[in-house]
Amino acid sequence: MAGAAIFSPRRRSPSLEAFLAPVNLSESTLIQTLSVVSAELISSYSGHSFTFQRRNIRSLIRKIEIFMVLYEYLKDSAVKLPSTATLCFKELYLIVYRSKILLDYCSYCSQLWLLLQNSSISGHFHDLNQEISTLLDVFPLQELNLSQDVREQIELLRKQSRRAKLFIDQTDDSLRIQLFSFLDDFEEKRTPDRSSLWMVFVDRLGIGDAKSCRDEIEFMEEQIYNHEGDVEPTVPVLNGFVALTRYCRFLLFGFAEEEENVGLVNRRKQRKGLITQEIGETFLTVPKDFICPISLDLMQDPVIVSTGQTYDRPSITQWLEEGHCSCPKTGQMLAHTRLTPNRALRSLILQWCTAHGISFDAPENSDAAPDIVTVAASTKAALEANKATAKLLIQQLSIGSQGSKTVAARELRLLAKTGRENRAFIAEAGAIPLLHKLLSSRNPVAQENAVTAILNLSIHDKNKSRIMEEEECLESIVKVLRVGLTTEARENAAATLFSLSAVHDYKKRISEEEGAVEALAKLLKEGSPRGKKDAVTALFNLSTHSENCKIMIESGAIATLVGALGSDGVAEEAAGALALLVRQPIGAEAVGKEEMAVAGLIGMMRRGTPRGKENVVAALLELCRSGGAVATERIVRAPALASLLQSLLYTGTKRARRKAASLARVCQRCETSALPLGGWGVGYAITGNSTTTNHGSTFAGDVSVTVSLSVPVL
């Protein structure tokens, strides 16, 4: 690891000027500055009780103390410094500040991290000693008129620095090796002995309570994120220690934690860069290109179909086996069904997972590179430790006090944030029925954590059926959506419905649940920015089921979707949902009756994304065909429509251009059009050169509506 890499960005460090040698200081000022900085360092750390690196720290402080003797003598005697001595003192200025950074680091680091970095940090102390030795070798001691005792001390320091060797405390290193043995135990599916864990974590590391464990976990997670994979031990190994510490937190210290503290932990502002931050205001920060458009989960084995789109192999294989011959994302017919491995994307996903400590298990039948298998194997200890933790948590959910259940729900929520393995074994261990019971809790923190844990579990496909089959669980989720005790609980209930509705058979069940669609519409109208996003994505997913159209109308969702066309962040999804609903005659009629529907859609044609414009022109075309005379007249009379369609024919997506061509033809032939024929004639002429599609059947069966969606993980 590079020398600077061990220093965390959150640690205290001097400003940029501290890394630059003083250039315009007089000799006396330079000596005075060195004296002040060194005195501060000695005062701060000479009596400090360090758990690790004690000998190296004492040795460094003693060297600085000897230099202090030299500074004091030079200040008192006003000796004229030769130019070579001045250069040496400027170099010493940098060494002192580097010493301060290293001592600060040892003071503020977590104990577990210091132990894991034992050899590396010892190397940094040795480097400083070598620099001091080099400086003393060229220091013009003979040119200074020093007293005998000062000279002797500097000479002794020079000899000691020359003889000094790298020192690694073997007692500390033995403790580090014992920590690794705990991971070996978990990897072999053996649970480490409680007394051994107590001896290491409590007696030796001084981690004596639940709060200390949380601090250790958060610190290590910061290191994983801040170093972006360039760290030793490797990220998978560090994840193992995070899992081990989490297990010890509950095994050694139980669940005795005040509920108020749990609430504060839930809502506190997380430090920038913390990989396990509670994502309370944004969706999961997984890059969209890494998510399969079908499963909405991180791709394990990305493959390319003939249209150039990439899907996860199991998802697209199932799609093809069901008899589909089109691309799920674009709606285009597939020229062939060969699947080409997207090795470049898989490599990027692996790098991202490694940097963020997320398990990446390649399917057995994939042509995965050897390094992927290595990463999966090295996280086995973390997986087993997390399983052991989950058992403790689920036991508390079953028999614990209200406070213990609140803590357990929060920790299960965090465990289920990443990795399909975590989500799988938590559900298999029986967490879902117990979390379901907690949804009715009058404790707002418990309810919020329970619904969010269910949301995170639902991302794993097999867990969707477990949740839906749990008696009255869907009803309880909808109740939280309607009357949840916190805003976060209501929003996360909406996101849970979106996740569950990824299964086609569940869309109708969710819509028919009393108050579900009405509550989603209300959240879209009145919620926070994230709440609106949760609601509109859920409504979009429900709109993909043709039998839900009537419910969407009766619940007032269509009017809310029309109103959302003017809202940043949700307009594209709202347009997509409307484009789906207007395919039904009753849906087209309902949208057509909304006064602002056409104006809102036209507005999106001006400012929307390419996908948004594609959905808008599809919705307008269906409105002309099935929305009734009023809607058609509004569309045809829209003064900017002709120019917007013309622009779309040049700049839109392939599907948008075809839809625009069809809409231009419809408008041209419309008998109620008040526009000059020439205006639509221009558009028609362009469409004639842009597509050869026969109008009678122009994409009548094209039901593809493209919206970029991802399930939030909280």
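Residues numbered from 1 in each chain as written. Predicted model: local features only at pLDDT ≥ 70, side-chain atom pairs only at ≥ 80, totals over all residues. Heavy atoms only, no water.

> Quick question: what am I supposed to make of the overall build of the protein here?
In terms of regular secondary structure, the protein is built from 35 helices and 3 strands. With an accessible surface of roughly 30800 Å², the protein has 50% of that area assigned to carbon and sulfur atoms. (Helix = DSSP H or I, 4+ residues; strand = E, 2+ residues; numbered from the N terminus. Areas by Shrake-Rupley, 256 points an atom, 1.4 Å probe, with all protein chains shown as cover.)

> Looking at this model, I keep getting lost on the packing of helix 20 (residues 461-469) against helix 23 (residues 504-512). Mind explaining?
Pairs of packed helices are described in terms of their axes, by the angle between the two and the distance that separates them. Contact geometry for helix 20 and helix 23: axes closest at 12 Å, N-to-C directions at 35°. As for how helix 20 packs across helix 23, the hand of that crossing is left-handed. Facing helix 20, whose interface residues are Lys464, Ser465 and Met468, helix 23 presents Tyr506, Arg509 and Ile510. Here the contact of helix 20 with helix 23 is built from residues that sort into 3 nonpolar, 1 polar and 2 charged. (Axes fitted to C-alpha atoms, helices over the stretch in contact; angles between N-to-C directions. Left-handed = near helix turned anticlockwise from the far one by under 90°. Contact = heavy atoms within 4.5 Å. Nonpolar A, V, L, I, M, F, W, Y, C, P; charged D, E, K, R; others polar.)

> Any chance you could explain the packing of helix 15 (residues 380-399) against helix 18 (residues 431-438) here in plain terms?
One can describe the packing of helix 15 onto helix 18 by two numbers: an axis separation of 10 Å at closest approach and a directional angle of 45°. Looking at the two axes, helix 15 sits oblique to helix 18. Remark: the crossing between helix 15 and helix 18 carries left-handed chirality. In this structure, helix 15 contributes Ile394, Leu397 and Ser398 to the contact, and helix 18 contributes Ala431, Leu434, Leu435 and Leu438. (Parallel < 35°, antiparallel > 145°, perpendicular 65-115°, else oblique.)

> Would you mind showing me how to read helix 34 (residues 654-669) here?
With 16 residues, helix 34 should reach 22 Å at 1.5 Å per residue; the first-to-last C-alpha distance of 23 Å fits that figure. Burial analysis of helix 34 places 12 of its 16 residues in the buried class, which makes it a mostly covered element. Taken together, the buried positions of helix 34 are occupied by Arg655, Ala656, Arg658, Lys659, Ala660, Ala661, Ser662, Leu663, Ala664, Arg665, Val666 and Cys667. (Expected span 1.5 Å × (residues − 1). Buried < 20%, exposed > 50% of the residue type's maximum accessible area, 1.4 Å probe, protein only.)

> Explanation requested: a negative patch on the surface in the structure shown.
Where like charges cluster on the molecular surface, the negative patch consists of Glu471, Glu472, Glu475, Glu514, Glu518 and Glu554. Among the structural elements, Glu554 can be located in helix 26 (residues 549-554). When its relative accessible area of 58% is taken as the criterion, Glu554 is described as exposed. (Patch = residues over 30% accessible without salt bridge, like charges linked within 9 Å, V, L, I, M, F, W, Y side chains within 5 Å. Salt bridge = Lys/Arg side-chain N within 4 Å of Asp/Glu carboxyl O. Lys, Arg positive; Asp, Glu negative; His and termini not counted. Charge placed at Lys NZ, Arg CZ, Asp CG, Glu CD.)

> In this structure, what is going on with helix 30 (residues 597-607)? I would like to understand it.
Residues three or four positions apart in an α-helix share a direction because the helix packs 3.6 residues into each turn. Across the 11 residues of helix 30, 8 count as buried, placing the element largely inside the fold. Along helix 30, the residues classified as buried are Ala597, Val598, Gly600, Leu601, Ile602, Gly603, Met604 and Met605. On its buried side, helix 30 packs onto helix 27 (557-563), helix 28 (571-581), helix 29 (585-593), helix 31 (610-626), helix 32 (629-637) and helix 33 (641-651).

> What is the right way to look at the nonpolar core in this model?
Taken as a class, soluble globular proteins show a tendency for nonpolar side chains to be buried jointly. Membership of the largest hydrophobic core comes to 194 residues, with the highest contact counts inside it found for Phe89, Leu179, Phe201, Leu244, Leu561 and Leu641. Ignoring sequence-local partners within four residues, the contact set of Phe201 consists of Leu179, Gly206, Ile207, Leu244, Thr245, Cys248 and Leu252. Met299, Tyr311, Leu320 and Leu334 belong to the second-largest nonpolar core, a separate cluster that totals 15 residues. (Core = buried A, V, L, I, M, F, W, Y, C linked by side-chain atoms within 4.5 Å.)

> Could you clarify how one ought to interpret empty space enclosed by the protein in this entry?
Empty space among the atoms becomes visible once a probe the size of a water molecule is rolled across them. For the coordinates displayed, the defined rule picks out 5 cavities of 30 Å³ or more. Considering only enclosed or pocket space, the second largest cavity measures out at about 40 Å³ in volume. Gln53, Arg54, Arg55, Asn56, Asn118, Ser122, Phe167, Ile168, Asp169 and Asp172 are the residues that line the second largest cavity. Every element with two or more residues in the lining of the second largest cavity is listed here: helix 2 (54-77) and helix 5 (118-138). If one sorts the elements of the lining of the second largest cavity by residue count, helix 2 sits on top with 3 residues. Here the residues of the lining of the second largest cavity are counted per class, giving 2 nonpolar, 4 polar and 4 charged. (1 Å grid on protein atoms, 1.4 Å probe; cavity = no way out; pocket = protein on both sides within 12 Å on 5 of 7 lines; lining within 4 Å. Points joined across faces, edges and corners; volume = space filled by probe spheres on them.)

> Could you clarify how one ought to interpret the packing of aromatic side chains in this entry?
Evaluated as defined, the whole model comprises 10 aromatic pairs. Seen from their ring centres, Tyr45 and Phe50 are 6.0 Å apart, and the 40° between their planes marks the pair as tilted. Across the ring face of Phe167, the terminal group of Arg55 is positioned such that the distance to the ring centre comes to 3.9 Å. (Phe/Tyr/Trp six-rings, centres within 6.5 Å; stacked < 30°, edge-to-face > 60°. Lys NZ or Arg CZ within 6 Å of the ring centre and 35° of its normal.)

> Could you clarify how one ought to interpret the environment of Ile510 in this entry?
Among the structural elements, Ile510 can be located in helix 23. Residue Ile510 is classed as buried on the basis of its relative accessible area of 0%. The sequence separation of Ile510 and Leu500 amounts to 10 residues, and the corresponding C-alpha distance is 8.5 Å. Among all residues touching Ile510, those that are not within four sequence positions of it are Met468, Leu474, Leu497, Leu500, Ser501, Ala516 and Leu542.

> Please explain the pattern of salt bridges as it appears in this structure.
Where charged atoms of side chains with opposite charge meet at close range, the side chains can pair. The tally for this structure, following the rule as stated, stands at 23 salt bridges. Residue Asp185 is joined to Arg190 by a salt bridge in which the shortest nitrogen-to-oxygen separation is 2.9 Å. Note on Asp185: relative accessible area 18%, which makes it buried. A salt bridge links Arg655 to Glu614; its shortest N-O distance comes to 3.1 Å. Within this pair, whereas Arg655 is found in helix 34, its partner Glu614 is found in helix 31, the two being separated by 41 residues in sequence. Residues Arg655 and Glu614 agree in their burial class; the two are buried. Where salt bridges share partners, they join Asp301, Arg313 and Arg346 into one cluster.

> Can you walk me through the sheet that holds strand 1 (residues 302-304) in this structure?
Across a sheet, paired strands are connected by hydrogen bonds in the backbone, their directions being either parallel or antiparallel. With respect to topology, 3 strands assemble into an open sheet ordered 2-1-3, the strand pairing being antiparallel. With one partner strand each, in any of the chains shown, strand 2 (310-312) and strand 3 (340-341) form the two edges of the open sheet. Bridge analysis of strand 1 against strand 3 gives 2 bridges, and the strand direction is antiparallel. From the neighbouring strand, Ile304 faces strand 3, where its bridge partner is Thr340. Each of strand 1, strand 2 and strand 3 is contacted by helix 12 (residues 313-321), which is oriented at about 95° to strand 2, the strand it contacts most. (Pairing = 2+ DSSP bridges.)

> Is there a simple way to explain a positive patch on the surface in this structure?
A contiguous patch of positive charge, built from Arg54, Arg55, Arg58, Arg62 and Arg204, is present on the exposed surface. Of all the elements, helix 2 adds the most residues to the positive patch, at 4 residues.

> I'm lost on the environment of Asn443 in this one. Help?
Relative to the assigned elements, Asn443 resides in the loop between helix 18 and helix 19 (444-458). At 2.9 Å, the side chain of Asn443 and the backbone nitrogen of Val445 are in polar contact. (Polar contact = N/O pair within 3.5 Å; in protein donor to acceptor, adjacent residues only side chain to side chain.)

> How should unusual backbone geometry be read in this particular structure?
Peptide bonds are mostly trans, and most non-glycine residues show a negative phi. The phi dihedral of Lys189 falls on the positive side, at around 60°, and the residue is not glycine. Its place among the elements puts Lys189 in the loop between helix 7 (170-187) and helix 8 (194-204). Positioned with a positive phi, Glu472 is a non-glycine residue whose angle comes to about 65°. With respect to the helices, strands and loops of the structure, Glu472 is situated in the loop between helix 20 and helix 21 (473-483).

Read these as spatial facts, not as claims about activity.
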